[in-house]
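Each chain, letter by letter, is given below.
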Amino acid sequence: HKGPVFAPLYEPMPDKVKFYYDGKPMKLSAPAEEVATFFAKMLDHEYTTKDIFRKNFFKDWRKEMTSEEKTKITDLNKCNFSEMNEYFKAQSEARKQMSKEEKQKIKEENERLLQEYGFCLMDNHKERIGNFRIEPPGLFRGRGDHPKMGMLKRRIRPEDIIINCSKDSKHPKPPPGTKWKEVRHDNKVTWLASWTENIQGSIKYIMLNPSSRIKGEKDWQKYETARRLKKCVDRIRTQYRDDWKSKEMRIRQRAVALYFIDKLALRAGNEKEEGETADTVGCCSLRVEHIKLYPKMDEQEYVVEFDFLGKDSIRYYNKIPVEKRVFKNLQLFLENKQPEDDLFDRLNTSILNKHLQELMDGLTAKVFRTYNASITLQQQLKELACPDDSLPAKILSYNRANRAVAILCNHQRAPPKTFEKSMQNLQTKIDEKQNQLSAARKQLKAAKADHKASHDDKSKKAVELKRKAIQRIEEQLMKLQVQATDREENKQIALGTSKLNYLDPRISVAWCKKWDVPIEKIYNKTQREKFAWAIDMAEKDYEF
DNA sequence: CGCGGGACTTGTATTAAAAACA
DNA sequence: TGTTTTTAATACAAGTCCCGCG
């Protein structure tokens with residue numbers, strides 16, 4: 001491979017674009033100005049109103065200032081970035097207004113870069129690289145209540161990069177006048193380049209695209225492991241139910257946690273370093289404050305209410321009735337604890353996964369999520385199938401099955417900003433189409449009357465034509481209605497994550513073959529590339 | 001057994017491109 | 001054909017899980 005592409009160097013602001021401190025224009029040194037532009041670009045974003053973001057930004061910004069600037073600029077509230085902000089808006093507007101030729105030129109340059117840096121040779125196969133560009137410097141945007149939001153993500157230089165390639169290959173060259181941090185030849189790992197990021201101190205990698213052999217094989221293995229779980233899941237369920245009765249607390253906790261992971265598709269829940277990240281939890285790290293127990297709620301008995309922030313600070317809220325034994329165990333786990341105490345104080349992911357490993361080779365907590373997602377899709381597709389359905393109706397059924405999985409896995413999205421409007425537009429279209437339909441029906445009636453009167457060939461043809469027109473309008477109307485239903489049901493649900501990461505693609509491929517649905521209706525180009533192995537492999541009778 | 005480092009997968013938000021529309 | 005809306009691609013953050021060490 002040719003190594004990564006570095007972020008473009010900083011281009012100083014034109015002199016006419018001013019930064020103001022305390023109402024007065026002030027020329028910043030290049031390093032201070034660069035960091036200021038990161039903030040200026042985000043002025044319209046909610047982040048810049050958050051205290052922590054502002055505080056972290058200001059602290060890191062000051063580090064880039066000259067001593068003079070440091071003395072002068074002491075209060076972020078007195079900083080006025082609005083001219084800079086407007087400048088960037090104008091730039092982006094100008095980009096949109098560029099001529100066709102200019103746009104074409106940029107496109108060609110990107111394509112050239114992709115051809116040069118976007119591919120590598122692995123085991124004599126040309127493979128697409130996933131992310132060959134180094135992340136540019138900027139302000140860290142942590143999700144949720146992140147203590148480090150606003151900190152400066154520093155520029156990555158060749159001296160920060162470790163290159164991994166085979167010994168006998170032509171080693172990628174660093175840009176002129178620079179050096180790599182290291183060149184190594186480790187064939188036990190899949191990454192091509194790596195660097196240490198300065199916010200969390202974690203390592204970032206350049207790896208291959210999902211369409212690559214190495215990623216595809218791993219993906220396939222993942223689903224094979226989940227299928228092996230299918231064969232022994234009954235046994236495992238029997239055992240954890242049995243363990244609810246164990247006299248050992250650690251075993252009861254393990255069994256109840258596993259029940260949640262299985263039934264609710266919760267994530268494992270590793271421990272996190274306090275103060276380094278947003279406060280989020282998974283199953284093993286649930287705290288007392290995250291659940292409430294209701295011996296009776298409405299018509300149901302033994303209801304557990306979950307309310308916590310999971311990965312990416314997405315809220316998980318669910319009320320579910322559980323078996324009496326689980327409920328009694330939970331009451332026991334809660335005894336003499338404070339809200340901020342761990343619910344499962346005798347359990348962590350390492351203990352749980354060690355146990356799972358003993359139950360089945362390769363079994364870990366996340367396999368349950370894969371298994372339950374895939375088996376749900378398969379079941380739902382069977383239930384929703386209707387051979388006489390039109391193609392759009394079949395696709396709606398598929399999306400509904402997909403949606404059932406997304407709900408199980410709690411894959412949410414913020415409702416699109418334009419959702420209401422776009423829904424209204426669609427409704428208008430439906431109304432119009434309905435009017436069109438009734439008009440067409442009237443016309444048919446008239447044509448029929450005409451034919452009755454004249455009985456000639458011409459009028460007969462006219463009737464046929466009107467019939468066809470009605471049929472076409474009816475189809476269009478149905479398509480629109482299906483679309484509206486689909487969109488409404490999808491308001492806050494993200495289907496992509498489960499489709500890409502949890503659903504054995506062979507289930508979808510088989511379904512397409514069985515019901516004569518073109519695969520392009522289910523998977524777009526990228527997805528077909530990623531799932532090429534499955535498209536090759538699965539026949540219509542494939543069973544997960 | 002706890003801890004930290006490391007490698008890899010999963011996840012949402014943002015941006016760019018394509019498609020639909022007027 | 002230009003504009004708006006929708007969809008696809010990208011970016012990069014945030015998880016999981018494993019391993020080696022003291």
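All values derive from a computational prediction rather than experimental measurement.

Draft legend 1. Representation of the overall build of chain A within the structure. For chain A, the helix and strand inventory stands at 17 helices and 14 strands. With the principal axes as the frame, chain A shows a C-alpha extent of 95 × 75 × 55 Å. Out of the 544 residues belonging to chain A, those deemed buried represent 42%. In chain A, the proportion of contacts linking residues at least 24 apart, taken out of those at least 6 apart, comes to 66%. Carbon and sulfur atoms make up 49% of the accessible area of chain A, which totals about 31700 Å². Across chain A, 107 positive and 83 negative side-chain charges occur, with their mean positions spaced 3 Å apart.

Draft legend 2. The protein's contact with DNA strand B, seen in detail. The immediate surroundings of DNA strand B are formed by 26 residues, with Lys215, Lys311, Arg369, Lys429 and Tyr502 found nearest. In the interface set of DNA strand B, defined as its atoms within 4 Å of the protein, sugar plus phosphate atoms amount to 84%. Taking arginine 143, its side chain carries an N or O atom lying 3.3 Å from a base nitrogen of DNA strand B. The side chain of arginine 267 places a nitrogen or oxygen atom 3.0 Å from a phosphate oxygen of DNA strand B.

Draft legend 3. The protein's contact with DNA strand C, seen in detail. As a structural note, the neighbourhood of DNA strand C is formed by 31 residues, with Arg143, Lys204, Gly269, Lys366 and Thr526 the closest of them. Counting only atoms of DNA strand C within 4 Å of the protein, the sugar-phosphate share comes to 90%. The separation between a phosphate oxygen of DNA strand C and a polar main-chain atom of lysine 366 is 2.7 Å. Those elements giving two or more residues to the surface near DNA strand C turn out to be helix H10 (365-384), helix H12 (419-454) and helix H16 (525-530).

Draft legend 4. Fine view of helix H4 (residues 82-97). The end-to-end C-alpha separation of H4 is 22 Å, in line with the 22 Å expected for 16 residues at 1.5 Å each. Met84, Asn85, Tyr87 and Phe88 are the residues of H4 that are buried. Along the long axis of H4, the arc covered by the buried residues comes to 160°, so they all point the same way. Exposed residues pointing more than 90 degrees away from the buried face of H4 are listed as Glu86, Lys96 and Gln97. Here the buried face of H4 lies against strand E1 (19-21) and helix H1 (30-41).

Draft legend 5. Local environment of helix H15 (residues 505-515). In terms of residue burial, H15 counts as a mostly covered element, since nine of its eleven residues are buried. Listing the buried residues of H15 in full gives Pro505, Arg506, Ile507, Ser508, Val509, Ala510, Trp511, Cys512 and Trp515. Buried residues along H15 sit against helix H6 (213-243), H10, helix H11 (391-408) and helix H17 (532-537). The N-terminus of H15 is capped by aspartate 504, whose side-chain oxygen sits 2.9 Å from the backbone nitrogen of arginine 506. Positive backbone phi, at 60°, marks aspartate 516, one or two positions downstream of H15.

Draft legend 6. Fine view of the pattern of salt bridges. Enumeration according to the criterion identifies 35 salt bridges in this entry. With a shortest N-O distance of 3.8 Å, lysine 27 and glutamate 33 are connected by a salt bridge. Classification of lysine 27 as exposed rests on a relative accessible area of 57%. A relative accessible area of 5% places glutamate 33 in the buried class.

Draft legend 7. Representation of the side chain of glutamate 33 within the structure. Tracing the chain through its elements places glutamate 33 in helix H1. The residues contacting glutamate 33, other than those within four sequence positions of it, are Tyr10, Pro12, Met13, Lys27, Leu28 and Met84.

Draft legend 8. Molecular detail of the side chain of glutamate 197. One can find glutamate 197 in the loop between strand E10 (193-196) and strand E11 (203-206). A polar atom in the side chain of glutamate 197 sits 2.9 Å from the backbone nitrogen of isoleucine 199. A distance of 2.7 Å separates a polar side-chain atom of glutamate 197 from the backbone nitrogen of glutamine 200.

Draft legend 9. Broad picture of the packing of aromatic side chains. Under the definition given, this model contains 27 aromatic pairs. Seen in terms of ring centroids, tyrosine 302 and phenylalanine 327 are 5.1 Å apart; in terms of plane orientation they differ by 50°. Their pairing is tilted. Here phenylalanine 327 lies in helix H8 (residues 324-334) and tyrosine 302 lies in strand E13 (residues 300-309), a separation of 25 residues in the sequence. Side by side, tyrosine 302 and phenylalanine 327 carry an identical accessibility label, which is buried.

Draft legend 10. Geometry of the packing of helix H7 (residues 249-264) against H8. At their nearest, the axes of H7 and H8 sit 11 Å apart, and the two run at 125° to each other. Classed by the angle they form, the pair H7 and H8 counts as oblique. The hand of the H7/H8 crossing is left-handed. Where H7 approaches H8, its residues Met249, Arg252, Gln253, Val256, Tyr259 and Phe260 are matched on the opposing element by Val326, Asn329, Leu330, Leu332 and Phe333. Across the contact of H7 with H8, the residue classes tally to eight nonpolar, two polar and one charged.

About the criteria used
- Residues numbered from 1 in each chain as written.
- Chains lettered and ligands numbered in written order.
- Predicted model: local features only at pLDDT ≥ 70, side-chain atom pairs only at ≥ 80, totals over all residues.
- Heavy atoms only, no water.
- Helix = DSSP H or I, 4+ residues; strand = E, 2+ residues; numbered from the N terminus.
- Buried < 20%, exposed > 50% of the residue type's maximum accessible area, 1.4 Å probe, protein only.
- Contact = heavy atoms within 4.5 Å.
- Areas by Shrake-Rupley, 256 points an atom, 1.4 Å probe, with all protein chains shown as cover.
- Lys, Arg positive; Asp, Glu negative; His and termini not counted.
- Charge placed at Lys NZ, Arg CZ, Asp CG, Glu CD.
- Near = heavy atom within 4 Å.
- Polar contact = N/O pair within 3.5 Å; in protein donor to acceptor, adjacent residues only side chain to side chain.
- Expected span 1.5 Å × (residues − 1).
- Arc of directions from axis to C-beta.
- Salt bridge = Lys/Arg side-chain N within 4 Å of Asp/Glu carboxyl O.
- Phe/Tyr/Trp six-rings, centres within 6.5 Å; stacked < 30°, edge-to-face > 60°.
- Axes fitted to C-alpha atoms, helices over the stretch in contact; angles between N-to-C directions.
- Parallel < 35°, antiparallel > 145°, perpendicular 65-115°, else oblique.
- Left-handed = near helix turned anticlockwise from the far one by under 90°.
- Nonpolar A, V, L, I, M, F, W, Y, C, P; charged D, E, K, R; others polar.

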